[in-house]
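An overview of the molecular structure
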Amino acid sequence: GGSIDILPRRPRKRGKREREFRPRQPATMVCIRTATIDDLLHMQQCNLMCLPENYQFKYYLYHLLSWPQLLQVAEDESGKIVGYVLAKMEEDPGEAHGHITSVAVKRTSRKVGLA
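Rules used throughout
- Residues numbered from 1 in each chain as written.
- Predicted model: local features only at pLDDT ≥ 70, side-chain atom pairs only at ≥ 80, totals over all residues.
- Heavy atoms only, no water.
- Helix = DSSP H or I, 4+ residues; strand = E, 2+ residues; numbered from the N terminus.
- Buried < 20%, exposed > 50% of the residue type's maximum accessible area, 1.4 Å probe, protein only.
- Contact = heavy atoms within 4.5 Å.
- Areas by Shrake-Rupley, 256 points an atom, 1.4 Å probe, with all protein chains shown as cover.
- Core = buried A, V, L, I, M, F, W, Y, C linked by side-chain atoms within 4.5 Å.
- pLDDT = per-residue confidence, 0-100.
- Salt bridge = Lys/Arg side-chain N within 4 Å of Asp/Glu carboxyl O.
- Phe/Tyr/Trp six-rings, centres within 6.5 Å; stacked < 30°, edge-to-face > 60°.

**Observations concerning the overall build of the protein chain**
Scanning the protein chain from terminus to terminus reveals two helices and four strands. In the protein chain, the succession of α and β elements from N to C terminus is β-α-α-β-β-β. For the protein chain, the residues scored as buried account for 25% of the 115 residues in total. Long-range contacts, defined as pairs at least 24 residues apart, comprise 52% of the intrachain contacts of the protein chain with a sequence gap of at least 6. When the accessible area of the protein chain is evaluated, it comes to approximately 9200 Å², of which 54% is carbon and sulfur surface.

Below is the structure:
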């Protein structure tokens, strides 16, 4: 009988624009927690750094007072806010539902599974 040689498979070449997705490992641990009033300015600063659509401080305060459980922040080990979620419940009659108004993650904390 004959023997069969199995050649190693050559890796597929990628196009110029195609890159393999490899999530970066976070440099530090991140804690996701419910936001407090002390976080609102930091959330606003994160929004200004990351997104083209920005909100006045009173909009964050309105969300915190109306839906306090729906504002979440991502905080690094040093206590700095590196991201947030601003959400609200709709007041339509019938079935309750909500939506996310804004999500932002600072560039240094992206691609590590936060959002």
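Next, the rest of the story.
**Here we look at the nonpolar core**
Ranked by internal contacts, the top residues of the largest apolar core, which has 14 residues, are Leu 40, Met 43, Tyr 60, Leu 71, Val 73, Tyr 84 and Leu 86. Of all the elements, helix 1 (residues 40-50) adds the most residues to this core, at four residues.

**As for the side chain of Asp 39**
Within the fold, Asp 39 resides in the loop between strand 1 (30-34) and helix 1. Note on Asp 39: relative accessible area 6%, which makes it buried. In contact with Asp 39, other than residues within four places in its own chain, are Arg 33, Thr 34, Val 73 and Ile 81.

**Remarks on the confidence of the model for the protein chain**
In regions of low pLDDT, the predicted coordinates are not meant to be interpreted in detail. Confidence along the protein chain averages 82 in pLDDT terms, with 74% of residues attaining 70 or more. Ranking the helices and strands of the protein chain by mean pLDDT puts helix 2 (residues 57-66) first, with 95, and strand 1 last, with 91.

**Examining the environment of Pro 68**
Among the secondary structure elements, Pro 68 is positioned in the loop between helix 2 and strand 2 (71-76). Excluding its chain neighbours within four sequence positions, the residues that come into contact with Pro 68 are Thr 34 and His 63.

**Some details on the pattern of salt bridges**
As enumerated under the stated definition, the model contains two salt bridges in all. A salt bridge links Asp 39 to Arg 33, with the nearest nitrogen and oxygen atoms 2.7 Å apart. Classification of Arg 33 by relative accessible area gives partly exposed; the value is 22%. Between Arg 33 and Glu 75 there is a salt bridge whose closest N-O contact spans 2.8 Å. Of this pair, Arg 33 sits in strand 1 while Glu 75 sits in strand 2, and the two are 42 residues apart along the sequence. For Glu 75, a relative accessible area of 18% puts it in the buried group. A single network of salt bridges, built from pairs that share partners, joins Arg 33, Asp 39 and Glu 75.

**What about the packing of aromatic side chains?**
Any pair of aromatic rings gets described here by the distance separating the centres and the angle formed by the planes. By the definition in use, this model includes four aromatic pairs. Both rings, one in Tyr 55 and one in Tyr 60, keep their centres 6.0 Å apart while their planes meet at 80 degrees; by these two values the pair is edge-to-face. Across the pair, exposure class does not vary: Tyr 55 and Tyr 60 are buried alike. When the centroid spacing of 6.4 Å and the interplanar angle of 75 degrees are considered together, the rings of Tyr 60 and Tyr 84 count as edge-to-face. Taken together, the residues Tyr 60 in helix 2 and Tyr 84 in strand 3 (residues 81-89) connect sequence positions 24 residues apart. Each member of the pair Tyr 60 and Tyr 84 is classed as buried. One aromatic cluster in this structure is built from Tyr 55, Tyr 59, Tyr 60 and Tyr 84.

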